[in-house]
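Fold and geometry: a report
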Amino acid sequence: MKADRIYNFNPGPAALPLPVLEEIQESFLNYGGSGMSVAEISHRSKEFDDIINDAVARIRRLLKLDDGWQVLFIQGGASTQFCMVPMNLLGDGDTADYVDTGTWSTKAIKEARTLDKAVRVPASSEDRNFCYIPSAIEFNPDAVYAHITSNNTIKGTQWAEFPDTGGVPLVADMSSDIMSRPMDMGKFGLVYAGAQKNIGPAGVCLVIIRKDMLDRVPDQLPSMLKYTTFAAKNSLYNTPPSFAIYTVQLVLKWIEETIGGLEEMEGVNRRKAASLYDFFDGSDFYRGTADVDSRSVMNITFRLPDENLEAMFVKQALESGLGGLKGHRSVGGCRASIYNPTPIEAVEALIDFMKTFEKQAG
Ligand SMILES: Cc1ncc(COP(=O)(O)O)c(C=O)c1O
């Protein structure tokens, strides 16, 4: 760790790889000899074309996407996708299935229903406060798509395997686990992810859409809410969030060239999560909140014996250089978000701190 930096466990915006931040710092005043900051170059310039095309090429390589897929960068966060997905994909008489695994899934369902779209919820884990991922789900074979949230940032649960929908394309909100593991994209029709957790800063949302899904997009939607607008112009219909896309490009380069790809990334991520969960499993003081088979590799949610101890834990952790450990305000408790950029040393430092804290307070 650099002397003046802390280990950052924020849920998003979240830690970025240090080499990426250093490269940004280096190119910030004079990008590639252009005499301008990367934040000052035109989105119509050759320099920016190279940045966005390289980012797209890296996404294609990492996820093994063939020509049947379109990669888009859209603003408005994952929250805008909650309305764009049904607006673009569900016409009159169409229906979609949405699995409800908590906060973000619930919001996606609400947005689709606000648009008067026919949405069915074939499974929900609300009965136990969303601490697990439902199984043996019966999907509607006539649904246009089946929506899931692959990782539930607030509840600390994650789909270990994607459900069998009987051929209905999955649409997944992957905001908090995109590029954290290799994926078979064959099951999917569309994937979206706000960049600010695993692949970059806030300000841009990655959307990966199967090209045949673009045929469903109705003409009469406003231009900025149509996937086809972004697809026709390589995400350059209007001014894109160029600095955010540049940072995404650098994080993808780091995943490919420094980490070695998604299999290696998954290995690192699994090692980080396993060391924390193993530690909880051997402790009477710290308690994980998610069912074991539904535990997230990205957001490790846990409780201490009481709320006073939790508040003290979060405060003292920060004083020891470990930030962002407070659970989401809707659920309380504690949460360590350990996305792609979080180094294993951060998790080791956290476990050391947890041991010391338990000794003092337990
Ligand atoms: C899984 C998931 N979906 C959606 C969102 C909302 O993303 P945004 O703030 O980019 O709209 C979040 C934010 O934390 C999230 O974790």
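Now for a look at the structure at hand. Being a predicted model, the structure only gives us computed values, none of them experimental. (Residues numbered from 1 in each chain as written. Predicted model: local features only at pLDDT ≥ 70, side-chain atom pairs only at ≥ 80, totals over all residues. Heavy atoms only, no water.)

Further remarks concern the packing of aromatic side chains. Under the defined criterion, the tally for this structure stands at 17 aromatic pairs. For the ring pair phenylalanine 28 and phenylalanine 243, a centre distance of 5.9 Å and an interplane angle of 85° mean the geometry is edge-to-face. Linking phenylalanine 28 in the loop between α1 (18–27) and α2 (46–62) with phenylalanine 243 in helix α6 (residues 242–259), this pair joins segments that are 215 residues apart in sequence. By relative accessible area, phenylalanine 28 is classed as partly exposed at 36%. Arranged with centres 6.1 Å apart and planes meeting at 80°, the rings of tyrosine 277 and phenylalanine 280 form a pair that is edge-to-face. Of the two residues, tyrosine 277 and phenylalanine 280 both sit in helix α7 (residues 262–281), three residues apart, roughly one turn of that helix. Neither tyrosine 277 nor phenylalanine 280 differs from the other in exposure class; each is buried. These aromatic residues form a ring-pair network of at least three members: Tyr277, Phe279, Phe280, Phe285, Tyr286, Phe302, Phe313, Phe353 and Phe357. (Phe/Tyr/Trp six-rings, centres within 6.5 Å; stacked < 30°, edge-to-face > 60°. Helix = DSSP H or I, 4+ residues; strand = E, 2+ residues; numbered from the N terminus. Buried < 20%, exposed > 50% of the residue type's maximum accessible area, 1.4 Å probe, protein only.)

A few words now on the state of the cysteines. Under the criterion given, the structure shown has zero disulfides. Cysteine 205 carries a free sulfur, and the closest cysteine sulfur to it, the one in cysteine 83, is 11 Å from it. Residue classification places cysteine 205 among the buried residues on the basis of a relative accessible area of 0%. Here cysteine 334 is not disulfide-linked; the sulfur of cysteine 131 is the nearest cysteine sulfur, at 18 Å. Here cysteine 334 falls in the buried class, since its relative accessible area comes to 2%. (Disulfide = S-S within 2.5 Å.)

Moving on, we get to the site of the ligand. Near the ligand you find 13 residues, and of these Ser79, Thr153, Asp173, Gln196 and Lys197 are the closest. Aspartate 173 places a polar side-chain atom, nitrogen or oxygen, 2.6 Å from a nitrogen atom of the ligand. Between the ligand and glutamine 196 there is a distance of 2.9 Å, counted from an oxygen atom to a side-chain nitrogen or oxygen. Among the elements that line the shell around the ligand, the one with the most residues is helix α3 (residues 77–89), at four residues. Split by residue class, the shell around the ligand holds three nonpolar, eight polar and two charged. (Near = heavy atom within 4 Å. Polar contact = N/O pair within 3.5 Å; in protein donor to acceptor, adjacent residues only side chain to side chain. Nonpolar A, V, L, I, M, F, W, Y, C, P; charged D, E, K, R; others polar.)

This next bit is on the sheet that holds strand β9 (residues 188–194). In space, the seven strands of this open sheet follow the order β2-β10-β9-β8-β5-β3-β4, with mixed pairing throughout. Strand pairing shows two members of the sheet lacking a second neighbour, β2 (69–74) and β4 (118–120), which therefore form its edges. Each strand axis lies, on average, 20° off the axis of its neighbour in the sheet, ignoring direction. Relative to strand β10 (residues 205–210), β9 runs antiparallel, the two sharing five bridges. Across the sheet, the residue bridging to valine 191 is isoleucine 208, located in β10. Packing against the sheet, α3 makes contact with β2, β3 (95–98), β8 (170–173), β9 and β10, and its axis sits at approximately 155° to β9. (Pairing = 2+ DSSP bridges. Axes fitted to C-alpha atoms, helices over the stretch in contact; angles between N-to-C directions. Contact = heavy atoms within 4.5 Å.)

Right, let's get into unusual backbone geometry. Glycine aside, residues mostly have negative phi, and peptide bonds are mostly found in the trans state. At the junction of glycine 12 and proline 13, the peptide bond is cis and its omega measures out at -5° in the coordinates. In this structure, proline 13 sits in the loop between β1 (7–8) and α1. Its identity is not glycine, yet aspartate 116 carries a phi of approximately 65°, on the positive side. Notably, asparagine 234 is not glycine yet its phi reads approximately 50°, a positive angle.

So far we have only geometry, and geometry alone does not tell us how the molecule works.
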